[in-house]
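Summary of the model geometry
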Amino acid sequence: MRWIVGLLVTFGALGVAGRRGWWIVRLVRSGQPDTRRWRGWGPVARAEVTEVAGQRKLLRWTVPGVAHFVTMWGFTVLLITVVEAYGALFSRTFHVPFIGREPWLAFVEDLFAVGVLAALLVFAVIRLRQSPARRERESRFYGSHTGAAWLVLAMIGAVILTLLGYRAAQYSTGDFPFGSTRWAFATRALATVMSPWGRGANSVLETVLLLANVTVIMGFLVVVAYSKHLHIAAAPFNVAFARRPRALGPLATTPHMNPEELSEDSTFGVGTIGEFSWKQLLDLVTCTECGRCQSVCPAWTTGKPLSPKLLVMGLRDSLFASADQLLNSNGESAALVPNVIDPDVLWSCTTCGACVEQCPVDIEHVDAIVDMRRHQVLMESEFPSEAALFLRNLENQGDPWGLGASQRLAWTEGLDFDVPVIDGRIPDDVEYLYWIGCAGALDDRGRAQVQSTARVLHRAGVSFAVLGPKERCTGDPARRMGNEYLFQEMARANIETLDSAGVKKIVASCAHCFNTLANEYPELGGHYELVHHSELLAHLLSTGRLSTGSSTSSVTFHDPCYLGRHNRKFDEPRAVIEASGASSTEMARSREQSFCCGAGGARMWMEESLGTRVNITRAREALATGADTVAAACPFCLIMLDDAVKSEGREDVSVLDIAQVIERSLSEP
Ligand code: SF4
Ligand code: SF4
């Protein structure tokens, strides 16, 4: 009669879990349409193989990654034991057809069972070492549902122990499908303890442990449906519909902002949970609360209230709390800011993308944050007061500092050659438009960077011209701030200028300008061939058009977020530094794991009054390398790091652009 108990438990659990699962599916489907999510079977298959089956991102963190890999694959392989368990409910001598008596299968099952137990031990140690009660904000599990996590670890342990237990009882009674094989090493070892208890006792134990195994598996199914372990079911879908190759570079959406198409009813951004797209809602229910994003977030790790994990968890709670409104149109959802997301949380983000880079289930935090910012700026006119000035400057003067077009060519003073300024169309014999950027044109340290870049390009015989007073801010800070309207206005004006000048190739030395021109202008009709100056300099050096001298300097390179993580240009700036002859040393966090300078997301023009300053944290990391030069490849980073190095009292350390590093080492022709 044990099959009756087993089936009752199973149908009961399937009913509870199924009901919850369907409720979640309906909630996700209540999100706004997003028709650009399907990218074909090929990319989806590749993503499933690398991200889900291969656990690529998880394995970057070796110990927890391997433990998760073993658990995930252990559970997958052990699904066959679930078939065996249900078969055994009906017949004590059941075996899986064809392979069910093969000794190798007994070995594989035991191996993975023991592997999962070992992985659980690793997880337990990690959780104890990372205990939020002890380490507070430093723990990546701070704010996660740790009780539920321990419950799940205990349940997985119970699944494996009851599995080995009933197999050992079967072994002792002679009902083990694999006979008395030695290959079932764990089962056999346990059976040596249990066999002396006699056949009768083992027969009873087999029933008890088998039913316990089925009950724990079904209990686990229910817990999965009601906890963060929902990611087991949701992650493959979230990965399938994620932005590829990653949710970095351009923002996900470019809303229609044409004034002629707008009406009083037009809404922008995300103000309530129901205004997120279905994919963004799927993100929320997929979060595993692993805290990888939190542990790398420059805002969180410098004491700000923003944690990408807690942001996602808060939005998920809001989603579940708003179910009645979303599914039954019963009332209105609460405004997300400030009810669910504190304004300080929203405005602390530098859009550095470290969270997106780390998230093992491909959650797209930056897009969600900017969507909420768009609502705050465009619908509520609510944003940090100090940001109003730079937005006004952008609108009126075309640059965040409000210095105006007349200052755009000041950086050319002192150069010993003329920089052609485009008047009309770009001359046929000029290869590149050099996009100077606001920081390059208007800030002293930015000017030093573009002067150096211009001198090096001139020396290598690269022909370039500039727009001079016709160049305006690309609109990047307005866009990251949430002012999509202003961004598109500025972008359209720039595109008109570039197109009427017949510009085809652009070199940019600002990582933010590069990202916007290369990745975001195409959506608005601006299509250009973009190179970052690190790429161009690396090319000139590798082809011998630029020669170098020698250098006794030691350089550490800071990867600008919008050059590295957002645009995957890690090697080019390093190639330039290497060519300079300087010795280079890496910071503790570099390349994909680089730590932000604190300027992105329009943070450059906002007060940083909470916690420690992001740029100080990064500068300390740079200074810890002992290098005499901190190099970057973006004027925003240069300004932030230069300020920080000086405030650390290290006037002996230079903060230079890679162009300045190479110029310093240039041999006389
Ligand atoms: S983009 Fe950077 S600052 Fe913003 S939440 Fe992610 S890690 Fe934190
Ligand atoms: S958002 Fe991603 S990285 Fe952050 S806690 Fe959730 S699953 Fe982990």
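Residues numbered from 1 in each chain as written. Chains lettered and ligands numbered in written order. Predicted model: local features only at pLDDT ≥ 70, side-chain atom pairs only at ≥ 80, totals over all residues. Heavy atoms only, no water.

Re the packing of helix α5 (residues 103–129) against helix α7 (residues 146–173)
Here α5 crosses α7 at 155°, and the two axes come no closer than 10 Å. Between α5 and α7, the interaxial angle falls into the category roughly antiparallel. When the axes of α5 and α7 are compared, the crossing they make is left-handed. Facing α5, whose interface residues are Ala106, Glu109, Asp110, Ala113, Val116, Leu117, Leu120, Phe123, Ala124, Arg127 and Leu128, α7 presents Thr146, Ala149, Trp150, Leu153, Ile156, Gly157, Ile160, Leu161, Leu163, Leu164 and Arg167. Looking at the contact of α5 with α7, its residues break down into 16 nonpolar, 2 polar and 4 charged. (Axes fitted to C-alpha atoms, helices over the stretch in contact; angles between N-to-C directions. Helix = DSSP H or I, 4+ residues; strand = E, 2+ residues; numbered from the N terminus. Parallel < 35°, antiparallel > 145°, perpendicular 65-115°, else oblique. Left-handed = near helix turned anticlockwise from the far one by under 90°. Contact = heavy atoms within 4.5 Å. Nonpolar A, V, L, I, M, F, W, Y, C, P; charged D, E, K, R; others polar.)

Considering the domain arrangement of the protein
Assigned domains within the protein: domain 1 (2–30 + 61–226), domain 2 (268–385), domain 3 (397–538) and domain 4 (541–665). Of note, the centres of domain 2 and domain 3, computed from C-alpha atoms alone, are 33 Å apart. On the domain 3 side, the residues contacting the 9 residues of domain 2 number 7 residues. Summed over both partners, the interface of domain 2 with domain 3 comes to about 640 Å²; 63% of that surface belongs to carbon and sulfur atoms. Ranking the residues of domain 2 by area buried against domain 3 places Arg374, Val377 and Leu378 at the top, with a combined share of 56%. Taken together, domain 2 and domain 3 are joined by 1 salt bridge. The salt bridge involving Glu484 is made with Arg374; its shortest N-O contact spans 3.0 Å. (Domains from an automatic or database assignment. Buried area = accessible area lost by both parts, 1.4 Å probe. Salt bridge = Lys/Arg side-chain N within 4 Å of Asp/Glu carboxyl O.)

What to know about the site of ligand 2
In the vicinity of ligand 2, the contacting residues are Cys287, Thr288, Glu289, Cys290, Gly291, Cys293, Lys309, Cys359, Pro360, Val361, Ile363 and His365. For the shell around ligand 2, the per-class residue count stands at 7 nonpolar, 3 polar and 2 charged. (Near = heavy atom within 4 Å.)

Some words on the site of ligand 1
If you check the shell around ligand 1, you find 13 residues, and the closest are Cys297, Cys349, Cys352, Gly353 and Cys355. Elements with a contribution of two residues or more to the shell around ligand 1: α17 (354–358) and α18 (365–379).

Things to note about the pattern of salt bridges
Considering all chains together, one arrives at 41 salt bridges under this definition. Between Arg36 and Glu523 there is a salt bridge whose closest N-O contact spans 3.2 Å. Within this pair, whereas Arg36 is found in the loop between α1 (2–29) and α2 (41–53), its partner Glu523 is found in the loop between α24 (511–520) and β4 (529–532), the two being separated by 487 residues in sequence. According to the relative accessible area criterion, Arg36 is partly exposed, its value standing at 43%. As a salt-bridge pair, Glu357 and Arg568 come within 2.8 Å of each other at their nearest N and O atoms. With Glu357 in helix α17 and Arg568 in the loop between β5 (554–557) and α26 (571–579), this pair connects stretches of sequence that are 211 residues apart. Residue class for Arg568 comes out partly exposed when judged on its relative accessible area of 25%. Several salt bridges converge on common partners, so that one network encompasses Asp371, Arg374, Asp476, Arg479, Arg480, Glu484 and Glu520. (Buried < 20%, exposed > 50% of the residue type's maximum accessible area, 1.4 Å probe, protein only.)

Observations concerning the sheet that holds strand β6 (residues 583–584)
The 4 strands are arranged β6-β5-β7-β8 in an open sheet whose pairing can be described as parallel. Each edge of the open sheet carries a strand with a single partner, namely β6 and β8 (654–657). In terms of strand pairing, β5 meets strand β7 (residues 629–632) through 3 bridges, oriented parallel. Across the sheet, the residue bridging to Phe557 is Ala631, located in β7. Contacts between α26 and the sheet are confined to β5, β6 and β7, with β5 contributing the most and set at about 175° to the helix. (Pairing = 2+ DSSP bridges.)

Brief notes about unusual backbone geometry
Going from Arg244 to Pro245, the amide bond is cis rather than trans, its omega being 5°. Residue placement: Pro245 occurs in the loop between α10 (231–240) and α11 (278–286). For the bond running from Val337 to Pro338, omega is 10°, close enough to zero to count as cis. With phi around 50°, Glu136 is a residue other than glycine that occupies positive phi space. Topologically, Glu136 is positioned in the loop between α6 (132–135) and α7.

Things to note about helix α29 (residues 658–665)
Counting buried positions along α29 gives 6 out of 8 residues, so the element sits mostly inside the fold. Buried within α29 are the following residues: Ile658, Ala659, Gln660, Val661, Ile662 and Ser665. The secondary structure elements touched by the buried residues of α29 are α21 (444–459), α25 (533–542), β5, α26, β7 and β8. For α29, the side-chain oxygen to backbone nitrogen distance between the N-cap and Ala659 is 2.8 Å, and the N-cap itself is Asp657. (Polar contact = N/O pair within 3.5 Å; in protein donor to acceptor, adjacent residues only side chain to side chain.)

Points about the packing of α7 against helix α9 (residues 199–226)
Direction vectors running N to C along α7 and α9 enclose 155°, while the axes themselves pass 8 Å from each other. In terms of axis orientation, α7 runs roughly antiparallel to α9. Pair α7 / α9 crosses with left-handed handedness. Taken together, the residues of the contact of α7 with α9 break down into 17 nonpolar, 9 polar and 2 charged.

A short note on the environment of Met194
Note on placement: Met194 falls in helix α8 (residues 185–194). Separated by 288 residues in sequence, Met194 and Gly482 have C-alpha atoms that sit 66 Å apart. Aside from chain neighbours lying at most four places away, what touches Met194 is Gly165, Ala168, Ala169, Ser172, Asn202 and Leu205.

Details of α11
Taking burial as the measure, the 9 residues of α11 include 9 buried ones, the bulk of the element. Of all the residues in α11, the buried ones are Trp278, Lys279, Gln280, Leu281, Leu282, Asp283, Leu284, Val285 and Thr286. The inward-facing, buried residues of α11 contact α1, α10, α13 (308–321) and α18.

Some details on a nonpolar patch on the surface
Together, Met1, Trp3 and Phe90 make up a nonpolar patch on the protein surface, roughly 390 Å² of accessible area in all. In this fold, Trp3 is placed in helix α1. Overall, Trp3 belongs to the partly exposed group, its relative accessible area being 38%. (Patch = residues over 30% accessible without salt bridge, like charges linked within 9 Å, V, L, I, M, F, W, Y side chains within 5 Å. Areas by Shrake-Rupley, 256 points an atom, 1.4 Å probe, with all protein chains shown as cover.)

Regarding the sheet that holds β4
With parallel pairing, the 4 strands of this open sheet are ordered in space as β2-β1-β3-β4. Each of the sheet's edge strands pairs with one partner strand only, and the pair in question is β2 (464–465) and β4. Summarising the sheet, strand β3 (residues 505–508) and β4 pair through 4 bridges and their orientation is parallel. Looking across to β4, one finds that Lys505 is bridged to Glu529. Against the sheet, α24 engages β1 (432–435), β3 and β4, with an angle of about 160° to β4.

Observations concerning the packing of aromatic side chains
Summed over all chains, the structure comprises 17 aromatic pairs. With a centroid separation of 5.7 Å and 50° between ring planes, the pair formed by Phe107 and Phe185 is classed as tilted. In this pair, Phe107 sits in helix α5 while Phe185 sits in helix α8, placing the two residues 78 residues apart along the sequence. Judged by its relative accessible area of 29%, Phe107 is partly exposed. Arranged with centres 6.5 Å apart and planes meeting at 50°, the rings of Phe487 and Tyr521 form a pair that is tilted. With Phe487 in helix α23 (residues 484–500) and Tyr521 in the loop between α24 and β4, this residue pair connects regions lying 34 residues apart in the sequence. Classification of Tyr521 as buried rests on a relative accessible area of 0%. Among the aromatic residues, ring-to-ring pairing joins Trp38, Trp41, Phe241 and Trp278 into one connected group. Taking NZ or CZ as reference, Arg127 lies 3.9 Å from the ring centre of Phe141, over its face. We note Arg292 situated over the ring of Trp61; from NZ or CZ to the ring centre the distance is 4.9 Å. (Phe/Tyr/Trp six-rings, centres within 6.5 Å; stacked < 30°, edge-to-face > 60°. Lys NZ or Arg CZ within 6 Å of the ring centre and 35° of its normal.)

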